[in-house]
Amino acid sequence: MTPEVTGGGGEIWRDSPILTVTEQLSLQLWVDLERRMSKTKNSPVGVKPCKRAKAAEHDEEEDAMQVDSDTNKRDARLSKQVLIGGEVVSDAGIVESITLKNFMCHSFLGPFTFGSNVNFVVGKNGSGKTAILTALIVSLGGNAQATNRGASLKGFVKEGESSADVSITLRNKGRDAYKSDVYGQAIIIDLRITRDGARTYKLKSKTGHIISTKKEELDSMLDNFNIQVNNPVSVLTQEMSKYFLHSKGEGDKYKFFMKATQLEQMKKDFVHIKTTKHVTEDKVDQHGECLKELKRKSLEKEERYKNLASLDELQTKLEDLQKQMAWAVVIEMEKELEPMKVKLQSDKHTTAKYDEKLKEWKNKVKDSEKKYKQIQEQLEVITQQVQELQPKCAELKANTQKQSTLFKSSEVTVHRCKANLKALEKDKAQLSSKINDLRLNISQITGSERKAKEERMQQIQTDLEDLIHQISTLDQQIDQYQYAYSRAREEHGKIRKEHNILRNSIEANSKHLHTMEGSRSNRLRRFGEQMPALLNAIEDAHKKGQFKHRPRGPLGYLINLKDSELALAIEVCLKGLVKAFTCDNYEDEKVLKGLMDKVFTAGRRPPIITSQFSPHVYNTSKRAVNHPVYPSALQALEIEDPVVANCLIDQMNIECILLIKNCTEARQVMQSRHPPPNCHVAFSKDGDQIFTNRIYTAEQTRANHLSKDVEDEIRHLQRELDNQKTQASSLQQQIKKLDEDIRENEKLEKRALAEQKLANDEATKLKLELSDLQNDEEHQMEDLDPLEEDLQEIVNKISSKSTEYNEVQAQMNELKISYEKAEQKYREHKERICTITEEADAIKEELTKADQEVMKCKHYKNQYDEKHNAHLQSIKMLEATLQHKEQDIQVHVSKAQEIWPQRLNVRRTARSLDTEISRLNDKIASQRQQEGDREEIVRQYHEALREYKNMAQQLKNLKMFIKSLDSVMNQRLHVYAELRRFLSARCKYYFDSMLAQRGFTGSMVFDHKNETLSISVHPSKGNTADMSNMRSLSGGERSFSTVCFVLSLWAITEAPFRCLDEFDVYMDMVNRRISVDMMLKVADGQRYRQFIFFTPLSMSSLPESDLIRILCLNDPARDPSTKDDHNEAQT
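Below is a short write-up of the structure. For clarity, every value in this text was computed on a predicted model and none was experimentally measured.

**Here's the deal with the overall build of the chain**
- Looking only at helices and strands, the chain features 24 helices and 25 strands.
- Looking at the chain as a whole, 42% of its 1131 residues are labelled buried.
- Counted over contacts in the chain with a minimum sequence separation of 6, partners at least 24 positions apart contribute 77%.
- Accessible surface computed for the chain: about 63,000 Å², of which carbon and sulfur atoms make up 48%.

**Focus on the nonpolar core**
- Grouped together as the largest cluster of nonpolar side chains are 52 residues, with contacts concentrated most on Phe120, Phe257, Phe1045 and Leu1049.
- When residues in this core are grouped by element, the largest group, 10 residues, is from helix α23 (residues 1035-1052).
- Those residues in contact with leucine 1049 that sit more than four places away from it in its chain are Val233, Phe256, Phe257, Ala260 and Cys987.

**Remarks on unusual backbone geometry**
- The residue after glycine 110, namely proline 111, is reached through a cis peptide bond having omega 0 degrees.
- Looking at the element boundaries, proline 111 is found in strand β4 (residues 106-113).
- The omega torsion of the bond from glycine 553 to proline 554 falls at -10 degrees, within 30 degrees of zero and hence cis.
- With a phi angle near 55 degrees, methionine 104 is a residue other than glycine that sits in the positive phi range.

**Quick look at the pattern of salt bridges**
- Following the criterion strictly, the structure yields 23 salt bridges and no others.
- We note a salt bridge from aspartate 219 to lysine 215, for which the minimum N-O separation is 2.9 Å. Linking aspartate 219 with lysine 215, this pair stays in helix α8 (residues 215-225), spanning four residues, or about one helical turn.
- The class of aspartate 219 is partly exposed, set by a relative accessible area of 36%.
- Connected via shared salt-bridge partners are Asp563, Glu565 and Lys661.

**Re the environment of leucine 721**
- Structurally, leucine 721 is set in helix α19 (residues 710-773).
- For the pair leucine 721 and serine 505, spaced 216 residues apart in sequence, the C-alpha to C-alpha distance is 8.8 Å.

**A closer look at the sheet that holds strand β16 (residues 681-683)**
- One open sheet holds the four strands; their spatial order is β15-β16-β17-β18, and the pairing between them is mixed. Bordering the open sheet on either side are β15 (657-659) and β18 (695-696), each of which pairs with just one other strand.
- Bridge analysis of strand β17 (residues 689-690) against β18 gives two bridges, and the strand direction is antiparallel. Counted as the bridge partner of glutamine 689 is tyrosine 696 from β18.

**Quick look at the sheet that holds strand β10 (residues 235-236)**
- The sheet built from five strands is open, its strands ordered β10-β22-β23-β5-β24 with parallel pairing. A single partner strand is all that each edge strand has here, and the edge strands are β10 and β24 (1108-1112).
- In the sheet, β10 pairs with strand β22 (residues 1057-1061) via two bridges, with the strands oriented parallel. Each bridged residue has a counterpart across the sheet, and for leucine 236 the counterpart in β22 is leucine 1060.

**Regarding helix α15 (residues 567-574)**
- Among the eight residues in α15, eight count as buried, and that is most of the element.
- Among all positions of α15, only Ala567, Leu568, Ala569, Ile570, Glu571, Val572, Cys573 and Leu574 are buried.
- Just past α15, the residue lysine 575 takes up positive phi, approximately 55 degrees.

**What to know about the environment of histidine 209**
- Relative to the helices and strands, histidine 209 is located in the loop between β8 (199-204) and β9 (210-212).
- Looking at histidine 209, the relative accessible area reads 52%, which means it is exposed.
- In contact with histidine 209, other than residues within four places in its own chain, are Leu203 and Lys204.

**As for helix α14 (residues 531-543)**
- With 13 residues, α14 extends 18 Å from end C-alpha to end C-alpha; this agrees with the ideal 18 Å at 1.5 Å per step.
- Listed as buried for α14 are Met531, Pro532, Leu534, Leu535, Ile538 and Ala541.
- Where α14 is buried, its residues touch β12 (581-583) and α16 (586-599).
- Following α14 by one or two positions, glycine 545 adopts a phi angle in the positive range, close to 85 degrees.

**A short note on the pairing of β22**
- Among the five residues in β22, five count as buried, and that is most of the element.
- Burial along β22 is two-sided: Phe1057, Cys1059 and Asp1061 facing one way and Arg1058 and Leu1060 facing the other are all buried.
- Bridge count for β22 against strand β23 (residues 1090-1095) is five bridges, and the pairing is parallel. Directly across from phenylalanine 1057, in β23, lies its bridge partner glutamine 1090.

**A closer look at the packing of α14 against α16**
- α16 packs onto α14 with a crossing angle of 140 degrees between their chain directions and a minimal axis gap of 10 Å. On the basis of their axis angle, the class for α14 and α16 is oblique. Handedness of the α14/α16 crossing: right-handed. Along the contact surface, α14 presents Ala533, Leu534, Ala537, Ile538 and Ala541, while α16 presents Leu592, Leu595, Met596 and Val599.
- The residue inventory of the contact of α14 with α16, partitioned by class, reads nine nonpolar, no polar and no charged.

**A short note on the packing of aromatic side chains**
- Counted according to the given criterion, the structure contains 11 aromatic pairs.
- Ring geometry for tryptophan 361 and tyrosine 860: centres 5.0 Å apart, planes at 25 degrees, overall stacked. Taken together, the residues span a long stretch of sequence, with tryptophan 361 in helix α12 (residues 312-440) and tyrosine 860 in helix α20 (residues 777-899) at a distance of 499 residues.
- The interplanar angle of 10 degrees and the centroid separation of 6.3 Å between the aromatic rings of phenylalanine 1091 and phenylalanine 1093 together place this pair among those described as stacked. The same class applies to phenylalanine 1091 and to phenylalanine 1093, which are both buried.
- Ring-pair connections join several aromatic residues into one group, and the members of that group are Phe120, Trp1050, Phe1091 and Phe1093.
- Geometry around phenylalanine 691 places arginine 694 over its ring, the cationic atom sitting 4.0 Å from the centre.

Conventions we followed
Residues numbered from 1 in each chain as written. Predicted model: local features only at pLDDT ≥ 70, side-chain atom pairs only at ≥ 80, totals over all residues. Heavy atoms only, no water. Helix = DSSP H or I, 4+ residues; strand = E, 2+ residues; numbered from the N terminus. Buried < 20%, exposed > 50% of the residue type's maximum accessible area, 1.4 Å probe, protein only. Contact = heavy atoms within 4.5 Å. Areas by Shrake-Rupley, 256 points an atom, 1.4 Å probe, with all protein chains shown as cover. Core = buried A, V, L, I, M, F, W, Y, C linked by side-chain atoms within 4.5 Å. Salt bridge = Lys/Arg side-chain N within 4 Å of Asp/Glu carboxyl O. Pairing = 2+ DSSP bridges. Expected span 1.5 Å × (residues − 1). Axes fitted to C-alpha atoms, helices over the stretch in contact; angles between N-to-C directions. Parallel < 35°, antiparallel > 145°, perpendicular 65-115°, else oblique. Left-handed = near helix turned anticlockwise from the far one by under 90°. Nonpolar A, V, L, I, M, F, W, Y, C, P; charged D, E, K, R; others polar. Phe/Tyr/Trp six-rings, centres within 6.5 Å; stacked < 30°, edge-to-face > 60°. Lys NZ or Arg CZ within 6 Å of the ring centre and 35° of its normal.

This is the structure in structure tokens:
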């Protein structure tokens, strides 16, 4: 049939310029379609079925009988080709092995080596069966949708990995081998899928040499092997089976049949060719119009030849137009000169305003510098005063401490004297009482009593000494407890204060950490939780037209750092401007304040800077600092918005600020004899602010808003927060321990005081008893005089101690007065220093403001200076342009006078005159050409006529070709219908044969008009009227019937391998055994094909055979801590 298409008009449609490339390619589909149809009709049948039970229709029965005859012959032929000495001859395209790495949820699977005939892949859910099948589909050109396991390829990359790899080896032997001289006996396909979904192939030979990396080479190889992974008969997944086979709709089964037999693709090709033919016919009609145009052009050529006009009138008109053109150019140039003269006069008047403004700002700069110098002198005077007062303050502090020490020492001496005096008074009273008692009890003690009293007195004396020693020890213990208690209370107060400070810091850091964590998804949150809401409100208001110009901010969000190490320096430099917004006018500022009041209901709202927006960044080349080594703040920032850059220049003069990472180098640069010009301050990377005469250390240690690495900031804050919490916990433990120590010391002190009181009472009793015993008559008489002497000595000591006490008391009072005077002087001196320091702080603030005012005035002075210079330069350029224009006018006047000496008042524009002159020139040239070369006109006419005739002949031939194409298309559609009927009959035949192996009966009714396929099955032989559809069958019977349907489709289609996923999940043991036997029987009859079955059930009951290979996958690892899941099959 094809020669009829290509014959006759074949050369025309291939070489014709009328057909597009797409239309010619669509016609080429006929060749592919014919090959596909012949391939389908002649595909080998790999199973020898049993007799069918009963035919459904008479013509289908005849087809079935013909199928049976053809099948027997073909099986006999294939049996000779397949086995030669027990080896497979034609097995090109089967899968030898497959290996997976980081594919789906598996780190490594394989390598899996498959047999050449029957393969069972057995494993529990999660062991990797689905991953192997999916990898097979994807590596052989299938898309992600075909696997029903994901929407895109990037979903197959294991979580946490950058790519997934699949390596599959296909056998390349036999007569159907693909480029066996290049690839050898095996072809290795390596697939890599990246995280972004990109897919790359490497096609290697058996030795591992890379042959190609092109997808076209893979497609060519798959077409050679007839591998169709998107065809459900070649690879039938669970989802495809559920959709087509288990579907209740008869239309879905019919679609499955059409897709499996490639009839669906043929139908689409027919539709495409028919559509393209209609488009071609439309274009043929369009080119018919082009034919009319060619005819019209040929007539025009003939008309030009016949009609030649005179040139004299056109030449005269051309000369008049040239005269008018010369003077029209002069008049237009004079008109262009008038606005320039008016602008020049206006600019000269404006110069006085610029001079006035420049003078005003120069005066402001002078006044601000004078004010700055005065404030600086005040600050220096106050600083000098503080420096002078500091030594005196230290001296007064030392004197106060010295007086305090002397006063406390004298106070201790007074207390000691007072205690001694009280003790002497007590001894005096006791001794007087003893003397009186001795005098009253003379001669009352007998000899035997005296001995007992002496023994008792010795015992009392010994006990009394022990008690005195105990009392002394208790005194020391009490002093120690009191000292420990006071120290513990003091330490407790310090730690409690430190704990409170630390707790406030933890709360602040926790809030900051929460803000930083929120900034992961939105960097705006680093500038405040309400910033995203505020920007959304600003955007909505701008869309509604509430702003004349959309405000910019926060400014820190709109800048980027070139060097991340300078983040802290920039943040300290910009201060509050990081969160600030800028507006063009006060009306916009008022609207922005209203939005901020709504968003920032609590807390401080960001500052607003109002300054007129400029579309270009200021020219700061003359006033900016330009250091060969260190950048300025402006140079260190990437600012896309000119408004933001101008705002920072106006507010902070960032073009005059140097950024020097090392503080020592910054000090050397700024405080040398010749600091960099135009630079008034520098910042180090630690945020230190270095002036030419002073340095301020930054209180901030890290950048809160401008640091690029948010995760590093979060980790730093988390570590700092953890350390603070640990420190707070440690302080809490110390406080708890100090509380326990305080309670313990109080308890021990009370116990020691109680013991001391008991010891004192006991000692008093013993002293009294000893005193009573010493009143013995014999001893009392002997001791009376010494006691009286002791009494007199005590009286003398009391008198001496009283005098000493009075002297010490007077000395203590004097020292107290001296200490109070010294402390008063020190306090007054210190208050004076504090007062001066406060004044200095206020003056420092004024100095900073004055410094900013100086920079601001200088900035505006420089700005007006630049504008003034630019204005003068503009005037000069305008004057030069004006002079040049006047000279050009004189030149054009001279040229015009040469053409026509008298001035003409021309009203037409030079452009219209030039257009008409060009038209006349073209017309004159055309007519001259016509008059000068008549043969050329004749030649053009004959050429146009010949082109018209050729186009007419091509259209005639193309219409004949379309007519032939219609005839061929009708024949192809007839063959397509016959092929569809033939495949339907074969499918019915094999389906009945498969059912009969278990004693089932059934029928398949194809309705090609309505595109439905009705399948009826009866579990046992009997009346066909009792047949019912598959919905009424049990789960196992329905699965068995489905397997029969799939096997019947296998018998009528061709592929090197077939994959079936979990075919036996819903079968009972009987149906499962029968289905497996049937598939093994089919496979045994088709040893030139490969079969791969995936099942979670055991296959231990299969017979032992060299053609059957069982791959048992390892059970999936359920331990979540398992990182790698290497899985190797056990055969």
